[in-house]
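Okay, here's what each chain looks like letter by letter:
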Amino acid sequence: MGGGPAGSLFTYFLLDMAERVGIDLNVDVYEPRDFSRPAPHGCNMCGGIISESLVQNLATEGINLPANIVQRGIDSYCMHMDVGEVYIDNPLFEKRIAAVYRGSGPKGIKEMKWGSFDGHLQSLSDKKGACIIDEKVTELRRQDGRIFIKTKTRTEQSYALLAVATGVNTAALKLLQKADLDYKPPQTTKTAIREYLLGTETIEKYLGTSMHVFLLDIPRLTFAAIIPKGDYVTICLLGDKIDSELLETFLNAPEVKGCMPPDWQWDKPACQCSPRMNVAPAPLPYGDQVVFLGDCGVTRLYKDGIGAAYRAAKAAASTAVFHGISAEDFRSHYLPACRKMTNDNRIGMVIFWFTKIIQRLRFVRRAILAMAAKEQESADNDKAMSMVLWDMFTGSAPYREIFLRTLHPVYLARLFWHSFMALIFPSRKIKPGLEGTERVTTV
Ligand SMILES: Cc1cc2nc3c(=O)[nH]c(=O)nc-3n(C[C@H](O)[C@H](O)[C@H](O)COP(=O)(O)OP(=O)(O)OC[C@H]3O[C@@H](n4cnc5c(N)ncnc54)[C@H](O)[C@@H]3O)c2cc1C
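Note that the structure is a prediction, hence the values are computed from the model and not measured.

## Details of the overall build of the chain
Part 1 of the argument: Scanning the chain from terminus to terminus reveals 14 helices and 21 strands.
Part 2 of the argument: At 23 Å, the chain has a C-alpha radius of gyration in line with the 22 Å of a compact globule built from 443 residues.
Part 3 of the argument: By its C-alpha atoms, the chain is 75 × 50 × 40 Å across when sized along the principal axes.
Part 4 of the argument: In the chain, 72% of the contacts between residues at least 6 apart in sequence involve partners at least 24 apart.
Part 5 of the argument: Working note: accessible area of the chain is about 19,800 Å², and carbon and sulfur atoms make up 54% of it.
Part 6 of the argument: In the chain, which carries 53 positive and 49 negative side-chain charges, the distance between the mean positions of the two groups comes to 4 Å.

Now the structure itself:
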C-alpha cells in the first residue's frame, strides 16, 4: 500500500530475495500517483537530495540512477550565516550526491527533460514482476488470518501480508487506525517547499553545483536549503510548524536574497506545498502479517528520509522472505533496524538542540565559519569541522558518528580556540587569504 521509495524498494527486495530462494510470490502495489505527470499528481513532495550513502548503497544493489533522473550532481555545500558564508567541498571530491525530482517536475513545467525518481524505482519493481495498481486503498480489514483491501473501483482482494508505505501526507493514516492493526501514526510537523523557475544558465551563474544551506537566527527554523535542479531551484524549510510568516521572513533574509539572482521574485514560485514530516516514530511499526515502512513507520530525523526508507524496506523484505510474517518475526528481525534509527534520532535531537544554541550565539557561528574556512584552505586531510558539517547537511553519516566526531579532543580544542578568538575580535575578517576567491565571505 503506497509505491513511493519505501513501497517500491520493499517490493523490489522482496521479489528479488524470494526469487533467489525459489519462492513464487504475487505482489500487488497500490499507488494512485502517476509519476510521469508534473506536481501535484505525480510528486511526493521533498527536497530531492539523494544522500551520498544512499547513492552508494543503491549502486551496490545494482540500482544505478540514470542520467535523466539526476538533475544535478551536487559537489559542494555553501553554508550561509549572518556572519558570512563558506563553501565546503565534498571531502572525497566526487559528485556523488544527486538532486532529483520525485515526480516529473513542478506545476506548469513546459519541457519534460527529466524523469521521476519515484517513477524509476516503481519501474524497477514492475520489472521484477510486481503488479502496479494505480488506485488508492479505501477500505481495509483483517479477517481469518488474511488482510482484505478494497479500492474505489476494484473488488476486494485478500493478502497474506500487507506492507504499508503510505508516508504521512495521506488520509490513509486514519484508515489504518480504524482497521484492526494496532497502528498509531508517527508524530509529524509541517514543512515548506517552493520551486522557482530560474533557467539553467542563471542557476549555473548564481548557485552552481552547490547546495546552499542556511543557519539563521529565525525562531522555529531548524534547517533551510536551496537546491539547484535543472531549470528550477527547490527551497526547503524544516523546523517546528513552518507557516507562511516564517517562510516570508526566510525568503526575505539578506543571506537568501544574496545568493539568488537580483530579479528573483520570492513571492512568485512556480509550485509550492507544505508537506508534513515524520519527527517521532510510529510506536509499533509491525503486527501480525503487517509491516509499516518508511515515513509512516520509522525514519531518520530531518535527513535522508529516502535512505531510511531503503534500510527499512530491505530489513522488512529479508524478514518476510527468510523468517516469516508474524508479529514475532518482525519483532525479532525488523524492529532492530527501526530501533537503530530511533536511537540515532535521539542523538540527532541533541545535535539539533546544539544547533539551536549556535543559531543564537554569534561568536560560535564565527568560530565555526573560521574553522571550516581554515580547513577548506588547507591542503591536508584533517577537515574535522568540514566533515561534521558535510555529514550533517547531507545526512550521509549516522548522527551518532557525527556526534562522536565532535567530542574528539582536537576538534574541541580548535573550536574553543576559534570561539575565544571570535569573542576577543568580534569583527575581524576571517582568513583574509580566502576573501575574493569567493570561497569564504565574512561580514
Ligand atoms: C520538506 C521535506 C524535504 C525533504 N527532503 C528530503 C531530501 O532531500 N532527501 C531525502 O532523502 N528525504 C527528504 N525528505 C523525506 C522524504 O520525503 C521521505 O522520507 C520519503 O518520501 C519517504 O518515503 P515513503 O515511501 O515512506 O513515503 P512517500 O514518499 O510519502 O510515499 C508514500 C506513497 O504512498 C501513496 N499512498 C498514500 N496513501 C495511499 C493509499 N491510501 N493507497 C495507496 N497508496 C497510497 C502515495 O501516493 C505515495 O506515493 C523530505 C521531506 C520533507 C517533508
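From this point, things continue past the structure.
## What about the layout of surface pockets?
Part 1 of the argument: Considered as a void within the structure, the second largest pocket measures approximately 670 Å³ in volume.
Part 2 of the argument: In terms of lining residues, the second largest pocket is bounded by 30 residues, among which F354, I358, I368, Y411 and L415 are the most central.
Part 3 of the argument: Of all the secondary-structure elements, those providing two or more residues to the lining of the second largest pocket are β14 (210–215), β15 (221–228), α10 (335–360), α11 (362–377), α12 (384–394), α13 (399–406) and α14 (409–424).
Part 4 of the argument: Sorting elements by how many residues they give to the lining of the second largest pocket places α10 first, with six residues.
Part 5 of the argument: Broken down by class, the residue content of the lining of the second largest pocket amounts to 25 nonpolar, four polar and one charged.

## Notes on the domain arrangement of the chain
Part 1 of the argument: Domain parsing of the chain yields domain 1 (1–65 + 101–188 + 278–357) and domain 2 (358–442).
Part 2 of the argument: Each of domain 1 and domain 2 has a C-alpha centre, and these two points are 37 Å apart.
Part 3 of the argument: Contact with domain 1, which involves 19 residues of that partner, is made by 16 residues of domain 2.
Part 4 of the argument: For the pair domain 1 and domain 2, the summed buried area comes to about 1,500 Å², and 57% of that belongs to carbon and sulfur atoms.
Part 5 of the argument: At the surface where domain 1 touches domain 2, the tally comes to zero salt bridges.
Part 6 of the argument: Inspection of the domain 1/domain 2 interface yields 18 residue pairs in polar contact (both at pLDDT 80 or more).

## Focus: the site of the ligand
Part 1 of the argument: Around the ligand sit 35 residues, and of these E31, I49, R102, T170 and D295 come closest.
Part 2 of the argument: P5 places a polar main-chain atom, nitrogen or oxygen, 3.3 Å from an oxygen atom of the ligand.
Part 3 of the argument: In this structure, a nitrogen atom belonging to the ligand sits 2.9 Å away from a main-chain N or O atom of V137.
Part 4 of the argument: Contact with the protein chains removes 93% of the 990 Å² of surface that the ligand exposes when unbound.
Part 5 of the argument: Mapped onto the shell around the ligand, the elements with two or more residues apiece are α1 (5–20), β16 (232–239), β18 (276–280) and α8 (305–322).

## A look at the nonpolar core
Part 1 of the argument: Ranked by internal contacts, the top residues of the largest apolar core, which has 45 residues, are L9, F10, F13, I50, F117, L293 and Y334.
Part 2 of the argument: Those elements that place two or more of their residues in this core are α1, α2 (52–60), α3 (117–127), α8 and α10.
Part 3 of the argument: The element contributing the most residues to this core is α8, with eleven residues.
Part 4 of the argument: Setting aside residues no more than four positions away along its own chain, F117 makes contact with I50, L65, I69, V100, Y101, R102, G103 and I306.
Part 5 of the argument: A99, V213, A372 and A397 belong to the second-largest nonpolar core, a separate cluster that totals 41 residues.

## Comments concerning unusual backbone geometry
Part 1 of the argument: We note that M45 has phi near 45 degrees; this positive angle belongs to a residue other than glycine.
Part 2 of the argument: Note on placement: M45 falls in the loop between β1 (28–30) and β2 (49–50).

## Quick word on empty space enclosed by the protein
Part 1 of the argument: By the definition in use, this model includes one cavity of 30 Å³ or more.
Part 2 of the argument: By volume, the largest cavity is sized at about 40 Å³.
Part 3 of the argument: The wall of the largest cavity is formed by L216, D217, I218, P219, R220, L221, K356, Q359 and R360.
Part 4 of the argument: Here the element with the most residues in the lining of the largest cavity is α10; it accounts for three residues.
Part 5 of the argument: Here the residues of the lining of the largest cavity are counted per class, giving four nonpolar, one polar and four charged.

About the criteria used
As a convention, each chain's residues are numbered from 1 in the sequence order in which they are written. Under the rules for a predicted model, residues below a pLDDT of 70 receive no local features and side-chain atom pairs below 80 are neither given nor counted, while totals for whole chains, interfaces and linings still include all residues. Each side-chain value is worked out from all heavy atoms of the structure, with water and hydrogens disregarded. In this text, helices come from DSSP runs of H or I with a minimum length of four residues, and strands from runs of E with a minimum of two, each type numbered from the N-terminal end. Taken over C-alpha atoms, the radius of gyration is set against a globule rule of 2.2 Å times the number of residues to the power 0.38. In what follows, a contact means two residues having at least one pair of non-hydrogen atoms within 4.5 Å. Here the accessible surface of atoms and residues is derived via Shrake-Rupley with a 1.4 Å probe, and residues count as covered only by protein chains that are part of the display. Charge convention: Lys and Arg are scored as positive, Asp and Glu as negative, and His as well as the terminal groups of each chain are ignored. Here the site of a charge means NZ on Lys, CZ on Arg, CG on Asp, or CD on Glu. Only protein atoms enter the 1 Å grid used here. Points where a 1.4 Å probe fits but cannot escape make up a cavity, open sets with protein on both sides within 12 Å along at least five of seven lines make up a pocket, and a residue lines them when an atom lies within 4 Å of a point. Grid points are joined across faces, edges and corners, and a volume is the space filled by probe spheres set on the points. Under the grouping applied here, Gly and all other residues not named as nonpolar or charged are polar, the nonpolar ones being Ala, Val, Leu, Ile, Met, Phe, Trp, Tyr, Cys and Pro and the charged ones Asp, Glu, Lys and Arg. Residue ranges for the domains originate in an automatic or database domain assignment. When two components associate, each loses some accessible surface as probed by a 1.4 Å sphere; the sum of these losses over both components is called the buried area. Counted as salt bridges are all cases of a side-chain nitrogen of Lys or Arg within 4 Å of a carboxyl oxygen of Asp or Glu. The definition of a polar contact used here is a pair of N or O atoms within 3.5 Å, where within protein one atom must be able to donate a hydrogen and the other to accept one, and adjacent residues in sequence count solely through side-chain atom pairs. Any residue with a heavy atom positioned within 4 Å of a molecule or strand is treated as near that molecule or strand. Here the nonpolar core consists of buried residues drawn from Ala, Val, Leu, Ile, Met, Phe, Trp, Tyr and Cys, with membership extended through side-chain atoms lying within 4.5 Å. Burial status follows relative accessibility: with a 1.4 Å probe on protein chains alone, a residue under 20% of its type maximum counts as buried, one over 50% as exposed, and anything between as partly exposed.

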